[in-house]
Amino acid sequence: MRILHVSLLLSSAAAAELGVLPMISYSSSSGFLYGLRADAVLESGRGGMLTAMAYWTTRGGQYQSFGAVLPRGRGAWRLSLSHDQLRGTDFYGWGNGGDPDSSLEYDREVDKAYFGRLQEIAGRLTVEAGAEVRHSSAFDLEDGPLWEGLPSLETASLWTAGPRLGIALDCPGIPGSLEAVFNHQAGSGMSYSSVSLSRTAFFGLPADVDLCLRYCLGYHSGIEETPFPFLPALGPDELLRGYDTNRFYGPWTAVANAELRKVILSAGCSGDGGAGGGPALTAGAALYADAGQVAGGFGGLRQDRYHTDAGIGARIGIGPTLVRIDCTVLSPEGLKLELAFGQPF
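Residues numbered from 1 in each chain as written. Predicted model: local features only at pLDDT ≥ 70, side-chain atom pairs only at ≥ 80, totals over all residues. Heavy atoms only, no water.

Novice: Any details on the packing of aromatic side chains? Residues and values, ideally.
Specialist: Each aromatic ring pair is summarised here by two numbers: the centre-to-centre distance and the angle between the ring planes. Counting across every chain of the model gives 15 aromatic pairs. Taken together, a centroid distance of 6.0 Å and an interplanar angle of 80° make the contact between Y106 and W147 edge-to-face. Separated by 41 residues along the polypeptide, Y106 in strand β7 (residues 104-120) and W147 in the loop between β8 (125-139) and β9 (158-170) bring together distant segments of the chain. For the residue pair Y106 and W147, the accessibility class agrees, reading buried in each case. On the basis of an interplanar angle of 35° and a centroid distance of 4.7 Å, the ring pair of Y219 and W252 is categorised as tilted. One end of the pair, Y219, is in strand β12 (residues 209-221); the other, W252, is in strand β15 (residues 252-267), with 33 residues separating them in the sequence. Classification of Y219 by relative accessible area gives partly exposed; the value is 34%. Feature note: the residues F91, W94, Y106, W147, F228 and Y249 constitute an aromatic cluster, connected by ring pairs. A cation over an aromatic ring shows up here: R134 above the ring of F230, its NZ or CZ 4.6 Å from the ring centre. Cation over ring: R241 sits above Y288, and NZ or CZ is 3.9 Å from the ring centre. (Phe/Tyr/Trp six-rings, centres within 6.5 Å; stacked < 30°, edge-to-face > 60°. Helix = DSSP H or I, 4+ residues; strand = E, 2+ residues; numbered from the N terminus. Buried < 20%, exposed > 50% of the residue type's maximum accessible area, 1.4 Å probe, protein only. Lys NZ or Arg CZ within 6 Å of the ring centre and 35° of its normal.)

Listed below in structure tokens is the structure:
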């Protein structure tokens, strides 16, 4: 079923360094969603931050996460923990197509734990190295022929672990960065890896409008030994916002994004950050367009295979918390309304 979110956003903050956001929303596939998100900036941490979020749905879905960034020296330690459970989500088949009106439902659970070090090596170069543990399972798969197109269907409760490495280079001239991420997982008799390369660029335009561009190319090896919930796919989580979650599956992925962003109003707290000033508030708008595709090989990535969409968005900043609401109005698969946190890139 197509997912439509209608969200009611409330906020409160005890001080300028704390943002608390109760969440209430509705989805046609998961029912009502209710939960809470909190972001705290550590006063003595030179940019350190703690983030926690938890929500549940009336159809059995749930999500809990905790994240910490703790600066030390010329870098920071990073910790993230998450549990994600989906009920009645849709699978449209393997490859770059599939009928949007023909799908099979399934349930799945995913757990992740990551700990690593982010280190500034030179003025423009940052390196991150850490380890990630993953657990996943898929169950209650609806019977149908679409599963037969998968290169493998590993649905059992499986644990894997491995290194995650990242490199980010601030590009001279045009503001933006070049980033590469490598992740390897092994365990439970399987082994697989993924690598991605992305480039972002930001341009200032008249009337305080920012043009933001991104292109990300990804490759996943070891498809036959990958648990089903971790097979490479494209959807809103990968910034192909006009399509359902994990809409397209394939070992090679490519996504391009363009956004026009503008801050419309801003109300800051008092200069000393005291409670009398209250949390900083900002409101902004965005126009965006996305294009993405998957392919079985690098040569299969072609200009005529991109799936496109376009929409409008709102950006609401409440203290350290940025709420992103994106409404995709131009998509061959209908209207999509999504609630997320932070800038998309």
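Text resumes after the structure shown.
Novice: I'd like a description of unusual backbone geometry, backed by residues and values.
Specialist: A positive phi angle, near 65°, is found at A207, a position not held by glycine. On the accessibility criterion, A207 (57% relative accessible area) is exposed. Here the phi dihedral of L239 falls at roughly 70°; this positive angle occurs in a residue that is not glycine. As for its placement among the helices and strands, L239 is situated in the loop between β13 (233-234) and β14 (248-249). When its relative accessible area of 5% is taken as the criterion, L239 is described as buried.

Novice: So, the pairing of strand β18 (residues 321-330): which residues are in play, and what are the values?
Specialist: With nine bridges joining them, strand β17 (residues 307-318) and β18 adopt antiparallel strand pairing. The residue bridging I312 from the neighbouring strand is C327, located in β18. Between β17 and the antiparallel strand that follows it, β18, lie two residues; G319 among them carries a positive phi value of about 60°. The pairing of β18 with strand β19 (residues 336-341) spans six bridges and is classified as antiparallel. Paired with T328 across the bridge in β19 is K336. The antiparallel hairpin formed by β18 and β19 contains five residues in its connecting segment, where G334 sits at a positive phi of about 95°. (Pairing = 2+ DSSP bridges.)

Novice: So what's going on with the layout of surface pockets? Residues and values would help.
Specialist: Approximately 180 Å³ is the volume attributed to the second largest pocket. Taken together, D208, D210, R261, K262, V263, T282, A283, G284, A285, R315, L322 and Q343 make up the full set of residues lining the second largest pocket. Every element with two or more residues in the lining of the second largest pocket is listed here: β15 and β16 (281-295). Ranked by the residues each element gives to the lining of the second largest pocket, the list is headed by β16, at four residues. Of the residues belonging to the lining of the second largest pocket, the class tally is four nonpolar, three polar and five charged. (1 Å grid on protein atoms, 1.4 Å probe; cavity = no way out; pocket = protein on both sides within 12 Å on 5 of 7 lines; lining within 4 Å. Points joined across faces, edges and corners; volume = space filled by probe spheres on them. Nonpolar A, V, L, I, M, F, W, Y, C, P; charged D, E, K, R; others polar.)

Novice: Before we move on, can you summarise the confidence of the model for the chain with the specific residues and values?
Specialist: On average, the chain scores 90 in pLDDT, and the residues at 70 or more come to 89%. Contacts of residues 1-16 to residues separated by more than four positions or lying in other chains number 60 contacts, the stretch itself having pLDDT below 50. Segment residues 270-276: pLDDT under 50, and four contacts once partners within four positions in sequence are set aside and those in other chains are kept. (pLDDT = per-residue confidence, 0-100. Contact = heavy atoms within 4.5 Å.)

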